[in-house]
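Spelled out from the first residue to the last, the chains are:
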Amino acid sequence: MTAVRINKYFTEQGFCSRRAADRMIEEGRVRINGRVAVLGDQVTDEDVVTLDGRVVKSRPHAVYLAYHKPVGVTCTTELHVTGNILHAVGYPERIFPIGRLDKDSSGLILLTNDGDIVNRILRAEFGHEREYMATLDRSYSPTFLRCMEQGVLVQGEKTRPCRTAKVDAITFRIMLTEGRNRQIRRMCSALGYRVVRLVRVRIMHIRLGDLPVGKWREFTPKEQGKLIAAVGLAEEKAAS
């Protein structure tokens, strides 16, 4: 039998990300066969792993959801936070969002119980594209879009080059491969504009489409397979 690091064990069970597992281990909440776990411990399927005294169960059925987040919903798994995304989605099994979407923005966000997928998508070097529709407080010029595409100095660091497309006098599309906090709003602000509406319409090949606000849907088999392949997990999933 193959031993794996304790934080990877948590992701393989679809429980949480490795970072979250490390935090719980550091807090002394995880035990292996009754012994308090430490970072770097390895476990096999024969070991009994517990979190706060409860056994971490084996991997559940993989869940992949596309959700149309409304304005006002917060992308956090902290259940005490009013308006948290888990309460908003209301899914009967434990899931967590892949990345974030600002509370005052709406649109597509993905949720899953697959910790490996979360880690792969969030790693910046994968460069997975996200598309947004941004509406400004006033009309913009072609120069504005060129500046956005070339990168804007935000908090002392220039953003990566990106793609844009005009929609109308005050609305444009922007395709990013990085996800800095409130990035689009800060880029526009640096150029003298204010974003009055921001909607994420695509993450990689997953599109928001006509999914109503506040509703979720499961991935199609094609979407799921393409996602797993895109982050380099196809062979690992096939072998598991």
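Here is a short report on the structure shown in this document.

The rules behind these values
- The residue count restarts for each chain, going from 1 along the sequence in the order it is written.
- Owing to the predicted nature of the model, reporting of local features is limited to residues with pLDDT of at least 70; listing and counting of side-chain atom pairs is limited to 80 or more, with chain, interface and lining totals taken over all residues.
- Hydrogens and water molecules were not included; the side-chain quantities draw on all heavy atoms of the structure.
- Helix numbering and strand numbering both begin at the N terminus, where a helix is a DSSP run of H or I of at least 4 residues and a strand a DSSP run of E of at least 2.
- Each residue is placed in one exposure class: buried if its accessible area under a 1.4 Å probe, protein chains only, is under 20% of its type's maximum, exposed if it is over 50%, and partly exposed if it falls in between.
- Only the protein chains shown count as cover for residues, with accessible areas throughout obtained via the Shrake-Rupley method and a probe of 1.4 Å.
- In this description, a nonpolar core means a group of buried Ala, Val, Leu, Ile, Met, Phe, Trp, Tyr and Cys residues linked to one another through side-chain atoms lying within 4.5 Å.
- When a carboxyl oxygen of Asp or Glu lies within 4 Å of a side-chain nitrogen of Lys or Arg, that pair is called a salt bridge.
- As used here, the arc is the angular range of directions from the helix axis to the C-beta atoms.
- Criterion used throughout: strands pair if DSSP finds at least two bridges between them.
- Here the aromatic set is Phe, Tyr and Trp, taking the six-membered ring for Trp, and pairing holds for ring centres within 6.5 Å; pairs whose planes are under 30 degrees apart are stacked, those over 60 apart are edge-to-face, and all others are tilted.
- Any Lys NZ or Arg CZ found within 6 Å of a ring centre and within 35 degrees of that ring's normal is scored as a charge over the ring.

To continue, consider the overall build of the chain. Looking only at helices and strands, one finds eight helices and 17 strands in the chain. In terms of principal-axis extent, the alpha carbons of the chain reach across some 65 × 40 × 40 Å. Across the 240 residues in the chain, those meeting the buried criterion constitute 47%. For the chain, the computed accessible surface area is about 12800 Å², with 49% contributed by carbon and sulfur atoms.

Attention shifts here to the environment of Leu65. Within the secondary structure, Leu65 is located in strand E7 (residues 64-69). For the pair Leu65 and Arg23, spaced 42 residues apart in sequence, the C-alpha to C-alpha distance is 25 Å.

Turning to the nonpolar core, a few remarks are in order. Counting residues in each nonpolar core, the largest one holds 32 residues, and the members touching the most others are Ile85, Leu111, Phe144, Phe172, Ile174 and Cys188. For this core, the secondary structure elements donating two or more residues are E7, helix H3 (85-89), strand E9 (106-112), strand E10 (130-136), helix H5 (142-150), strand E14 (171-176), helix H6 (183-190) and strand E15 (195-203).

For the structure on display, the rule yields twelve salt bridges. A salt bridge links Arg202 to Glu129, with the nearest nitrogen and oxygen atoms 2.6 Å apart. Highlighted residues: Arg202 in strand E15 and Glu129 in the loop between helix H4 (115-122) and E10, separated in sequence by 73 residues. Notably, a salt bridge pairs Glu131 with Arg202, separated by 2.8 Å at the nearest N-O pair. Placement of the pair is Glu131 in strand E10 and Arg202 in strand E15, with a sequence separation of 71 residues.

The next point concerns helix H7 (residues 221-230). By the burial criterion, the buried members of H7 are Glu223, Leu227 and Ile228. Mapping the buried residues of H7 onto a view down its axis gives an arc of 130 degrees, with all of them on the same face. For H7, exposure combined with an orientation more than 90 degrees from the buried face picks out Pro221 and Lys222. Looking one or two residues past H7, Gly232 carries a phi angle of roughly 80 degrees, positive in sign.

This paragraph deals with unusual backbone geometry. It is generally the case that most residues other than glycine have a negative phi and that most peptide bonds are trans. A positive phi angle, close to 55 degrees, is found at Asn33, a residue other than glycine. Within the fold, Asn33 resides in the loop between strand E2 (30-32) and strand E3 (35-36). Judged by its relative accessible area of 47%, Asn33 is partly exposed. Even without being glycine, Arg182 reaches a positive phi, approximately 50 degrees. Mapped onto the elements of the fold, Arg182 is located in the loop between E14 and H6. On the accessibility criterion, Arg182 (30% relative accessible area) is partly exposed.

As a further point, take the sheet that holds E2. In spatial order, the strands read E3-E2-E5-E6; together these four strands make up an open sheet with antiparallel pairing. At either end of the open sheet lies a strand with only one pairing partner, and these are E3 and strand E6 (54-55). Here two bridges tie strand E5 (residues 49-51) to E6, and the two strands are oriented antiparallel to one another. Bridging from a neighbouring strand, Leu51 pairs with Arg54 of E6.

What the rule picks out here adds up to seven aromatic pairs. Residues Tyr91 and Trp216 carry aromatic rings whose centres are separated by 5.3 Å and whose planes lie at 75 degrees to one another, so their mutual orientation is edge-to-face. Here Trp216 lies in strand E17 (residues 216-218) and Tyr91 lies in the loop between H3 and strand E8 (96-97), a separation of 125 residues in the sequence. Owing to a relative accessible area of 16%, Tyr91 belongs among the buried residues under this scheme. Taken together, a centroid distance of 5.5 Å and an interplanar angle of 45 degrees make the contact between Tyr140 and Phe144 tilted. Phe144 matches Tyr140 in its accessibility class, with the two residues each being buried. A network of ring pairs unites the aromatic residues Tyr140, Phe144, Phe172 and Tyr193 as a single cluster. A cation sits over an aromatic face here: Arg138 above Tyr193, 4.0 Å from the ring centre.

Counting buried positions over the eight residues of H4 gives six, a clear majority of the element. Residues Gly115, Asp116, Ile117, Val118, Arg120 and Ile121 constitute the buried set of H4.

As far as function goes, none of this settles anything; it's purely spatial.
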